[in-house]
Amino acid sequence: MLNILYRRRSIRKYKPQKLDTATVQQLLKAALLSPSSRGFQPWQFIVVEDTELLDQLALAKKGSGFIKNAALGIVILADPATSDVWVEDAAIAATILHLTAESLGLGSCWIQIRERYLETESCEEYVRRILGIPENLKVASIISMGYPDQSKPPYSDQDLKFEKIHLNMYGSKFE
Ligand SMILES: Cc1cc2nc3c(=O)[nH]c(=O)nc-3n(C[C@H](O)[C@H](O)[C@H](O)COP(=O)(O)O)c2cc1C
């Protein structure tokens, strides 16, 4: 797991190669294994493979253009009526997908949708309209995925900000 965490980077350039069904299945199993508060599992997922839909999702926000060239995007939805902490549950599922992608040799990137806005509507409204998502479900984020067409250096111990960690009491250094 630590190796995956050091290697994981946000990858925004993808090869044209599509993912096979077994790989997509593994990603979806990982998403469905995500922990959620009280086990309520308020999330749902839309796997978007259709290239025209990916082109439209590329316009969902400033800075989501790279999903155009992804093999797929997994849209993470959540039902606030199922859990009051759906934001956390949806973020955990997104993280699990991002890390599982790394473990499978895929590149992926988080695209934030919740609380992000286009000029005339929210990013959430845009994605809801494009994908026919019912009003009762929130659109949290999208994870774009594909075989990486860029390499980024892994993290090393030099990148770790140990000053953010306190021992027992706030302000007491962990050394
Ligand atoms: C909650 C969250 C929202 C993010 N939203 C976006 C986004 O909308 N677009 C994007 O290109 N990257 C997005 N990212 C990726 C971050 O920019 C990236 O994780 C950060 O710059 C660190 O780089 P690294 O992932 O390579 O370590 C998001 C990441 C997180 C955790």
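Scroll up to find the structure.
Structural notes, computed from the coordinates. (Residues numbered from 1 in each chain as written. Predicted model: local features only at pLDDT ≥ 70, side-chain atom pairs only at ≥ 80, totals over all residues. Heavy atoms only, no water.)

## A closer look at helix α2 (residues 21–32)
Turning to step 1, where the next piece is worked out: With twelve residues, α2 should reach 16 Å at 1.5 Å per residue; the first-to-last C-alpha distance of 16 Å fits that figure.
Turning to step 2, where the next piece is worked out: Restricting attention to buried positions, one finds in α2 the residues T23, V24, L27, A30 and A31. An end-on view of α2 places all buried positions within 120° of arc, on one side of the element. Exposed side chains of α2 directed beyond 90 degrees from the buried face belong to T21, K29 and L32.
Turning to step 3, where the next piece is worked out: Turning to α2, the residues buried within the fold contact β1 (43–48), β2 (72–78), α4 (86–103) and β4 (138–146). (Helix = DSSP H or I, 4+ residues; strand = E, 2+ residues; numbered from the N terminus. Expected span 1.5 Å × (residues − 1). Buried < 20%, exposed > 50% of the residue type's maximum accessible area, 1.4 Å probe, protein only. Arc of directions from axis to C-beta. Contact = heavy atoms within 4.5 Å.)

## Points about unusual backbone geometry
Turning to step 1, where the next piece is worked out: Although it is not a glycine, R38 sits at a positive phi angle of roughly 55°.
Turning to step 2, where the next piece is worked out: Here R38 shows up in the loop between α2 and β1.
Turning to step 3, where the next piece is worked out: The exposure class assigned to R38 is exposed, which follows from its relative accessible area of 71%.
Turning to step 4, where the next piece is worked out: Its identity as a non-glycine residue notwithstanding, E115 has a phi of 65°, on the positive side.
Turning to step 5, where the next piece is worked out: When you line up the elements, E115 lands in the loop between β3 (107–112) and α5 (123–131).

## Structural notes on the side chain of S83
Turning to step 1, where the next piece is worked out: With respect to the helices, strands and loops of the structure, S83 is situated in the loop between β2 and α4.
Turning to step 2, where the next piece is worked out: Given a relative accessible area of 3%, S83 falls into the buried group.
Turning to step 3, where the next piece is worked out: A polar contact is formed between the side chain of S83 and the backbone nitrogen of V85, at a distance of 3.2 Å.
Turning to step 4, where the next piece is worked out: Beyond its immediate sequence surroundings of up to four residues, S83 is in contact with F40, P42 and D89. (Polar contact = N/O pair within 3.5 Å; in protein donor to acceptor, adjacent residues only side chain to side chain.)

## Side note on the pattern of salt bridges
Turning to step 1, where the next piece is worked out: By the definition in use, this model includes five salt bridges.
Turning to step 2, where the next piece is worked out: R7 is the partner of E102 in a salt bridge, and the nearest nitrogen-oxygen pair spans 3.1 Å. Within this pair, whereas E102 is found in helix α4, its partner R7 is found in helix α1 (residues 2–7), the two being separated by 95 residues in sequence.
Turning to step 3, where the next piece is worked out: When its relative accessible area of 40% is taken as the criterion, R7 is described as partly exposed.
Turning to step 4, where the next piece is worked out: Where E121 meets R129, a salt bridge forms, and the shortest distance between an N and an O atom there is 2.5 Å.
Turning to step 5, where the next piece is worked out: In this structure E121 comes out as buried when scored by relative accessible area, which is 18%.
Turning to step 6, where the next piece is worked out: The network of salt bridges with shared partners includes E124, R128 and E135. (Salt bridge = Lys/Arg side-chain N within 4 Å of Asp/Glu carboxyl O.)

## Thoughts on the sheet that holds β2
Backbone-to-backbone hydrogen bonds pair the strands of a sheet. The strands run either parallel or antiparallel.
Turning to step 1, where the next piece is worked out: Read from one edge of the open sheet, four strands run β1-β2-β4-β3, paired in antiparallel fashion. With partners counted over all chains shown, the strands left at the sheet margins are β1 and β3, one partner each. Neighbour to neighbour, the strand axes of the sheet diverge by 20° on average, direction disregarded.
Turning to step 2, where the next piece is worked out: With six bridges joining them, β3 and β4 adopt antiparallel strand pairing. Within β4, the position partnered with W110 by the bridge is I143.
Turning to step 3, where the next piece is worked out: Across the sheet, α2 lies against β1, β2 and β4, angled at about 165° from β1, the strand it touches most. (Pairing = 2+ DSSP bridges. Axes fitted to C-alpha atoms, helices over the stretch in contact; angles between N-to-C directions.)

Nothing here speaks to function; it is geometry throughout.
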